[in-house]
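What follows is the residue order along each chain.
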Amino acid sequence: MRAYILFGIVIACFQSESVMICDICDCQQKSGPATVGVVVNCSSHEGLLEVNPILPDAFITLDLSRNNLTSIQPASIFQSETLVELLLNRNFLKEINLYSNRLPQLKRLDLSENQLEQLNPNLFKGFTKLEYLNLASNKFTAMSQLNFNSLVNLKEIILDNNNIGDDIETRPLFDEQGYGLPLNIQSISISGINLVNLNLEYFKPVDKTLRKLVISNNNLTIFVKLPQRLEYLDYSNNPIRNISSNDFYLLEPLVYLRELKLNNLDIEQVPQNVFSTLMLTNLELKDNKNLKEFSNLTFGRQLLSDTYDFYLENLTLRGSNISTLDKGLSVLFVKVKRLDLQQNPWVCDCRLSWLRKLSIAPDLTDDLRCRSPRYLYNKRIFDLDEKDFVCLKSWWNESEVGVTIGLVFYSLLVFVTFTWIYVFIYHPDPKVNRQEYSKL
Ligand SMILES: *[C@@H]1O[C@H](CO)[C@@H](O)[C@H](O)[C@H]1NC(C)=O
Ligand SMILES: *[C@@H]1O[C@H](CO)[C@@H](O)[C@H](O)[C@H]1NC(C)=O
Ligand SMILES: *[C@@H]1O[C@H](CO)[C@@H](O)[C@H](O)[C@H]1NC(C)=O
Ligand SMILES: *[C@@H]1O[C@H](CO)[C@@H](O)[C@H](O)[C@H]1NC(C)=O
Ligand SMILES: *[C@@H]1O[C@H](CO)[C@@H](O)[C@H](O)[C@H]1NC(C)=O
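These numbers come from a predicted model, not from an experiment. (Residues numbered from 1 in each chain as written. Chains lettered and ligands numbered in written order. Predicted model: local features only at pLDDT ≥ 70, side-chain atom pairs only at ≥ 80, totals over all residues. Heavy atoms only, no water.)

A. Examining empty space enclosed by the protein more closely. All chains considered together, the criterion is met by four cavities of 30 Å³ or more. Empty space within the largest cavity amounts to approximately 70 Å³. Along the walls of the largest cavity sit Phe-275, Leu-278, Met-279, Leu-280, Phe-299, Leu-303, Asp-309, Phe-310, Tyr-311 and Leu-312, which together make up its complete lining. Of the residues belonging to the lining of the largest cavity, the class tally is nine nonpolar, no polar and one charged. (1 Å grid on protein atoms, 1.4 Å probe; cavity = no way out; pocket = protein on both sides within 12 Å on 5 of 7 lines; lining within 4 Å. Points joined across faces, edges and corners; volume = space filled by probe spheres on them. Nonpolar A, V, L, I, M, F, W, Y, C, P; charged D, E, K, R; others polar.)

Below, the structure is given as structure tokens:
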């Protein structure tokens, strides 16, 4: 009997004993310029919600990623006057119920890499402070009818890798009946959502506000009209065949654009003046497998004579099909801090010898190799001497063949003309010849 009571007390103690979350998870006091408080990191802690742990005062971040959670229901752990950031990414969530009156300070919510197909239509109600929402890599489709009307202060949204392209084409992002994003949103990422056809004026409502747009990994064949305030644009991995200066200069140039990513497109050339109106610091043109021509006037003619306004720090043309570059570009390329020209089929002849004089970072020279001439095949350009870059003069040299053929024709013409003149003027009389012959 006594033992039974004791056992009961022990059980009761265990049940009422509260677990401090910082005894299980990693807690760190953080003080940044904008945020002061405790960051609670419970990443990869399964079964945490069952023990209903007690959170520290003034915690600002709660990381519950990789916890194998399947649903979020009201619990004391999701009630806080101080929580600013809630990370629920990399779980198996199918259902979420959060309430804005229990998390009045929430600014950042990460729900990426879960199994969400639908969201409760009232889920975001009242979350007027939310600035960042990540819904990437879930199972949303056109059926999900996503709507963010209540998130009036949203600055950044990530919708990558959900099959919602069709839906976004027909239900606009900036329409109350559509996705209802606020017009002062600054960053949108819609990568890998199966976009095929977007109205040219699609981003007009945010023409003066949008700073960052990621629209990579889709099936777009054209550039839409780009918002004027854009600072960052990633249009990579789309089957685009042509780029022109108009794409970055429709009515007004994109004077704020600093980072531009145009990797893995179907372009064959980067024509004159494409980037001449931009003031980029970072330009990526990687893995453009069909790209053969990079014009020496890509950045415009003016910059070649006065490079003061050339700000590019990082430039990559890696993994394209470029075999030579005009020496005129050297005045610009010499200013680039990280220049990646690796994995191109370089023809190491006199036209390319200028490349040897650039100071390219050592980690960007290993795959900078010659494709031809054959005796330099696969040699590293920076292992060669300048005198290795020669243009052989040979009889089959195209221009020499032209000159030779021209000379031959010219001589023939002269010969024929003079022969005719001789025949017409002197009318050499065959009789005379005969007489002369007879004299002999
Ligand atoms: C929590 O820890 C994991 C791994 O230990 C780390 O990847 C993650 O960034 C941390 N979370 C936060 C909010 O610092
Ligand atoms: C989540 O489940 C997988 C098996 O499905 C397991 O390997 C993994 O350890 C679990 N994660 C945690 C944090 O326990
Ligand atoms: C250039 O690239 C380096 C290394 O990748 C990076 O640290 C730096 O921020 C880049 N510069 C700009 C202007 O983007
Ligand atoms: C690369 O260019 C060469 C000719 O310069 C061409 O024969 C080859 O097909 C091109 N490769 C690709 C992938 O376009
Ligand atoms: C650009 O390259 C072409 C040959 O491809 C050359 O004729 C021209 O002079 C170059 N222009 C400048 C400004 O370097």
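Further notes follow.
B. Representation of the layout of surface pockets within the structure. Considered as a void within the structure, the largest pocket measures approximately 220 Å³ in volume. In terms of lining, the largest pocket is formed by Ser-276, Thr-277, Leu-278, Met-279, Phe-299, Gly-300, Arg-301, Gln-302, Leu-303, Asp-306, Tyr-308 and Asp-309. Considered class by class, the residues forming the lining of the largest pocket number five nonpolar, four polar and three charged.

C. Main features of the packing of aromatic side chains. One pass over the full model with this rule turns up 13 aromatic pairs. Summarising the aromatic geometry, the rings of Phe-223 and Tyr-235 are spaced 4.4 Å apart at their centres and angled 40° between planes, so their arrangement reads as tilted. Here Phe-223 is found in the loop between β11 (212–214) and β12 (232–234), whereas its partner Tyr-235 is found in the loop between β12 and β13 (249–250), with 12 residues between them in sequence. On the basis of an interplanar angle of 65° and a centroid distance of 5.5 Å, the ring pair of Phe-223 and Phe-248 is categorised as edge-to-face. On the criterion of sequence distance, the pair formed by Phe-223 in the loop between β11 and β12 and Phe-248 in the loop between β12 and β13 is long-range, its members being 25 residues apart. A single burial state applies to Phe-223 and to Phe-248, both of which are buried. Members of the aromatic cluster, each reached through a chain of ring pairs, are Phe-223, Tyr-235, Phe-248, Phe-275, Phe-294, Phe-299, Phe-310, Phe-333 and Trp-354. Arg-108 extends its terminal NZ or CZ atom over the ring of Tyr-132, reaching a point 4.0 Å from the ring centre. It is Lys-212 that lies over the ring of Tyr-232; its NZ or CZ is 4.5 Å from the centre. (Phe/Tyr/Trp six-rings, centres within 6.5 Å; stacked < 30°, edge-to-face > 60°. Helix = DSSP H or I, 4+ residues; strand = E, 2+ residues; numbered from the N terminus. Buried < 20%, exposed > 50% of the residue type's maximum accessible area, 1.4 Å probe, protein only. Lys NZ or Arg CZ within 6 Å of the ring centre and 35° of its normal.)

D. Up close: the state of the cysteines. Within the structure shown, the criterion is met by four disulfides. Two residues, Cys-348 and Cys-370, share a disulfide whose sulfurs are 2.0 Å apart. Here the S-S torsion is close to -100°, and the disulfide linking Cys-348 with Cys-370 is therefore left-handed. Remark: Cys-370 occurs in strand β22 (residues 370–372) and Cys-348 occurs in the loop between β21 (346–347) and β22; sequence separation between them is 22 residues. In this structure Cys-348 comes out as buried when scored by relative accessible area, which is 0%. The disulfide that involves Cys-350 links it to Cys-391, with 1.9 Å between the sulfurs. Linking Cys-350 and Cys-391, the disulfide has an S-S dihedral of approximately -85° and is accordingly described as left-handed. Of the two residues, Cys-350 is situated in the loop between β21 and β22 and Cys-391 in the loop between β22 and α6 (398–426); the sequence distance between them amounts to 41 residues. Given a relative accessible area of 37%, Cys-391 falls into the partly exposed group. Each disulfide of the protein chain joins two cysteines, and with those cysteines numbered along the sequence the arrangement is 1-3, 2-4, 5-7, 6-8. (Disulfide = S-S within 2.5 Å.)

E. Summary view of the site of ligand 3. Taken together, Thr-281, Asn-282, Glu-313, Asn-314 and Arg-338 make up the full set of residues adjacent to ligand 3. Within the side chain of Asn-282, a nitrogen or oxygen atom sits 2.7 Å from an oxygen atom of ligand 3. Calculation on ligand 3 without its partners gives an accessible area of 360 Å², and the protein chains cover 45% of this total. Partitioned by chemical class, the residues of the shell around ligand 3 number no nonpolar, three polar and two charged. (Near = heavy atom within 4 Å. Polar contact = N/O pair within 3.5 Å; in protein donor to acceptor, adjacent residues only side chain to side chain. Areas by Shrake-Rupley, 256 points an atom, 1.4 Å probe, with all protein chains shown as cover.)

F. Highlighting the environment of Pro-121. Assignment of secondary structure puts Pro-121 in the loop between β7 (108–110) and β8 (132–134). Residue Pro-121 is classed as exposed on the basis of its relative accessible area, which comes to 78%. Along the primary structure Pro-121 and Asn-147 are separated by 26 residues, whereas in three dimensions their C-alpha atoms are 7.6 Å apart.

G. Representation of the site of ligand 1 within the structure. Around ligand 1, the neighbouring residues are Asn-41, Asp-63 and Leu-87. Interatomic distance of 2.4 Å between a side-chain N/O atom of Asn-41 and an oxygen atom of ligand 1. Asp-63 is positioned such that a nitrogen or oxygen atom in its side chain is 2.8 Å from a nitrogen atom of ligand 1. In the complex, 38% of the free accessible area of ligand 1, which totals 360 Å², lies under the protein chains.

H. Structural context of the pattern of salt bridges. What the rule picks out here adds up to 18 salt bridges. In this structure, Glu-313 and Lys-337 form a salt bridge, with 3.6 Å as the shortest nitrogen-oxygen distance. With Glu-313 in the loop between α4 (302–305) and β19 (314–316) and Lys-337 in the loop between α5 (330–333) and β20 (338–340), this pair connects stretches of sequence that are 24 residues apart. Overall, Glu-313 belongs to the partly exposed group, its relative accessible area being 37%. (Salt bridge = Lys/Arg side-chain N within 4 Å of Asp/Glu carboxyl O.)

I. Spatial organisation of unusual backbone geometry. Looking along the chain, the bond that leaves Ser-372 and enters Pro-373 is cis, with omega of 0°. Mapped onto the elements of the fold, Pro-373 is located in the loop between β22 and α6. Of note in the backbone geometry, Asn-161 takes a positive phi value of approximately 55° without being a glycine. Mapped onto the secondary structure, Asn-161 falls in the loop between β9 (156–158) and α3 (165–170). Phi is positive for Asn-217, close to 55°, though the residue is something other than glycine. Mapped onto the elements of the fold, Asn-217 is located in the loop between β11 and β12.

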